[in-house]
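Structural overview for review
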Amino acid sequence: DARYSVPRHAGAIYGLSMLYRDQPQPEYALSAKRAISWLAQYSNAQCGGWTPQSVCIPKISTRDQIAKLGDSALSALALLTYLEATEDLSVEPLAHGLVTFLLRVQRADGDFHHRYLLYDYSVEPRARGMFASEQAAFALVLAAKRWPEGPWRAAAERALDALTIH
């Protein structure tokens, strides 16, 4: 169904992960893992061939072949929170691929392109999604915590500067 909400789905993974972190009930982790498995089915490795290391979440059940920043950013945020809470390394490649996608759509000024077109590997430069840049910045902060040796901290700082200085 094209009306399915990826942000709501990612929010459920995030919430279950937070519950598990604070009260480690196995059913919280199991439900989050099932939700992650569903999300993984819809992920697009290489974002249509654009970049080998990245993964994006295209709009569900549409022919548009577009990936919105917010869907991939919230999914990355949820998976990184799940990883921190559970240390279930089986989801780490998907989480890493999603934040790599965020790096690929980050602009030189630190903000982000909000729509990526899988069919021709381009972005819609004027498209904006509500809170998507903030979600992407938050995901990059969590990536910097998870993988301190990578490019995540510098990217997070650029994103936060773009959000707070401009």
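Residues numbered from 1 in each chain as written. Predicted model: local features only at pLDDT ≥ 70, side-chain atom pairs only at ≥ 80, totals over all residues. Heavy atoms only, no water.

As for the confidence of the model for the protein chain
Worth spelling out the cut-off: In predicted models, pLDDT denotes the confidence assigned by the predictor to each residue on a 0 to 100 scale. Numbering of helices and strands starts at the N terminus; helices are DSSP runs of H or I of at least 4 residues and strands are runs of E of at least 2.
Overall, the prediction assigns the protein chain a mean pLDDT of 91, with 93% of residues at 70 or greater. Predicted confidence in the protein chain is weakest over strand S1 (residues 44-45), with a mean pLDDT of 82, and strongest over helix H5 (residues 132-146), with 97.

With respect to the pattern of salt bridges
Rules: Any carboxyl oxygen of Asp or Glu that lies within 4 Å of a side-chain nitrogen of Lys or Arg is treated as forming a salt bridge with it. Using a 1.4 Å probe on the protein chains alone, a residue whose accessible area is under 20% of its type maximum counts as buried, one over 50% counts as exposed, and one in between counts as partly exposed.
Under the counting rule described, the total for this entry stands at 10 salt bridges. Two residues, Arg146 and Glu92, come together in a salt bridge whose shortest N-O distance is 3.2 Å. Note that Arg146 is positioned in helix H5 and Glu92 in helix H4 (residues 92-105), a separation of 54 residues in sequence. For Arg146, a relative accessible area of 21% translates into the label partly exposed. Taking the shortest distance from any N to any O, the salt bridge between Asp111 and Arg107 comes out at 3.7 Å.

Thoughts on the environment of Gly110
To keep things clear, this is the line we draw: The contact criterion used is simple: two residues touch if any of their non-hydrogen atoms lie within 4.5 Å.
Note that Gly110 resides in the loop between H4 and strand S4 (115-117). As for Gly110 and Ala95, which are separated by 15 residues in sequence, their C-alpha atoms are 21 Å apart. Setting aside chain neighbours within four positions, we find Gly110 in contact with Arg158, Ala159 and Ala162.

Regarding helix H2 (residues 26-42)
Using the following cut-off: Helix span, as expected, comes to 1.5 Å for every residue beyond the first. Starting at the helix axis, one direction is taken to each C-beta atom, and the arc is that of these directions.
For H2, with 17 residues, the first-to-last C-alpha span of 25 Å sits near the 24 Å given by 1.5 Å per residue. Listed as buried for H2 are Ala29, Ala32, Ala35, Ile36 and Leu39. Across the axial projection of H2, the buried residues extend over an arc of 130 degrees, all falling on one side. Opposite the buried face of H2, at more than 90 degrees from it, the exposed residues are Pro26, Arg34 and Gln41. Buried positions along H2 lie against helix H1 (6-22), helix H3 (69-86) and H4.

Digging into the side chain of His9
Along the polypeptide, His9 turns up in helix H1. You can call His9 buried: its relative accessible area is 11%. Setting aside residues up to four positions removed in sequence, His9 forms contacts with Tyr4, Ala35, Trp38 and Leu39.

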